[in-house]
Amino acid sequence: MIPAMTTGFNSAAAPAMEEAGGSEGGFELTGTPLRRKRSDCGLIRLKQFSRALGRFFEQDGAHIAEQFRHAAANQGIERAATAESLTDLKPLGQVNASFIVAVNGEGLWIIDQHVAHERILFEQHLKARREGQITGQRMLMPHIVELSPRQEVIFGQIGEELSANGFEVSQMGPRSVAIQATPAGISAVDAEKLLLEILDGVERENQAISMDWLQSRIAATTSCHAAIKINMPLDQTKMEWLLAELAKTEAPMSCPHGRPVVLRYSVREIERAFHRI
């Protein structure tokens, strides 16, 4: 049986950055101002990165990913190269309750907690589907959904696959269906949105759809809805669990929709900023 895909983390605040890092092996996002010299240019470049990271505390969650990618392009941050790099990450805290800041011997890491969890759930869901082990969770009361003519056609074509992915949806009228069960981890209030996103996603596909594509599409959409959200505080234990599970996935560097999960500011870049190399 697939592990419950749930967002049931409590809202305990994440450890403060200076506390989570401890007195050894931690880092500061800003430093004591120094008199500028020719030899300080590397330090200034590193401080620019620190200030850019610090500004995220004041930013809206919807804009952080794009801003950080822009900062990455200008400050030498790079994506992780291998899954093995993630096995010993030590989480220090969160930026804007959305991005986990972590360190290991390779450098400084930023992990998007939503898409990291999405990747974990996607692989769990897809594996369970292909092994025929997905079970749904019944709703207290059926939820009636009105479909467009095109959505109704698609529903008729993929209804059997929806059932195999934990849905229980029955026809109620000419253009209405009743959702009676959903995949694990999907709330009742999210059930209609998830079903319509799946139907619309298939509708937009203009070419022949393979069963593998359909299974991946349903798994990706379901996982996105079930994953933890941005602006959600995580305590140290939950951050450690998330990073450990991410390291076990087959493709931890991107989410099922192609967005980056992990960014890294390598030790080499830090050393270059300090003119160590």
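Residues numbered from 1 in each chain as written. Predicted model: local features only at pLDDT ≥ 70, side-chain atom pairs only at ≥ 80, totals over all residues. Heavy atoms only, no water.

A. Molecular detail of the side chain of E161. With respect to the helices and strands, E161 occurs in helix α5 (residues 149–164). For E161, a relative accessible area of 7% corresponds to the buried category. When residues no more than four places from it in sequence are discounted, the contact partners of E161 are R129, M211, L214, Q215 and I218. (Helix = DSSP H or I, 4+ residues; strand = E, 2+ residues; numbered from the N terminus. Buried < 20%, exposed > 50% of the residue type's maximum accessible area, 1.4 Å probe, protein only. Contact = heavy atoms within 4.5 Å.)

B. Examining unusual backbone geometry more closely. A positive phi is found at A97, a non-glycine position, where the angle reads about 55°. Here A97 is to be found in the loop between β1 (90–95) and β2 (99–104). Positive phi outside glycine occurs at H275, with the angle close to 60°.

C. Focus on the nonpolar core. Judged by nonpolar contacts, the single largest core of 24 residues is most densely connected at I158, L162 and L199. Of all the secondary-structure elements, those providing two or more residues to this core are β4 (136–146), α5, β6 (176–183), α6 (188–203) and α7 (211–226). Per-element tally for this core: the top contributor is α6, with 7 residues. In contact with L162, not counting residues within four places along its chain, are F155, F167, L195, I198 and I218. If you look at the next biggest cluster of nonpolar residues, it comprises 21 residues, including I111, V115, L234 and C255. (Core = buried A, V, L, I, M, F, W, Y, C linked by side-chain atoms within 4.5 Å.)

D. Structural view of the sheet that holds strand β5 (residues 168–171). Across the sheet, which stays open at both edges, the 3 strands sit in the order β4-β6-β5 with antiparallel pairing between neighbours. Each edge of the open sheet is held by one strand with a lone partner, namely β4 and β5. Here the strands of the sheet are splayed against their neighbours by 15° on average, with no regard to which way each runs. (Pairing = 2+ DSSP bridges. Axes fitted to C-alpha atoms, helices over the stretch in contact; angles between N-to-C directions.)

E. Representation of the confidence of the model for the protein chain in the model. Per-residue pLDDT for the protein chain has a mean of 77; in total, 69% of the residues score no lower than 70. Every residue in residues 1–46 scores below 50 in pLDDT, and together they form 94 contacts with partners more than four places removed in sequence or on other chains. Confidence over residues 71–81 falls short of pLDDT 50; this stretch has 26 contacts with residues more than four positions distant or in other chains. (pLDDT = per-residue confidence, 0-100.)

F. Just the pattern of salt bridges, in detail. In total, this model carries 10 salt bridges according to the counting rule given. With a closest N to O distance of 2.9 Å, E131 and K127 form a salt bridge. E131 gets classed as partly exposed once you look at its relative accessible area, which sits at 43%. K127 sits in the exposed class, given a relative accessible area of 51%. Between R130 and D212 there is a salt bridge, with the nearest N and O atoms lying 4.0 Å from each other. Separated by 82 residues along the polypeptide, R130 in helix α4 (residues 113–130) and D212 in helix α7 bring together distant segments of the chain. (Salt bridge = Lys/Arg side-chain N within 4 Å of Asp/Glu carboxyl O.)

G. Molecular detail of the pairing of strand β3 (residues 107–112). Burial analysis of β3 places 6 of its 6 residues in the buried class, which makes it a mostly covered element. In terms of strand pairing, β2 meets β3 through 6 bridges, oriented antiparallel. From the neighbouring strand, F99 faces β3, where its bridge partner is D112. Remark: 2 residues form the turn of the hairpin made by β2 and β3, two consecutive strands paired antiparallel.

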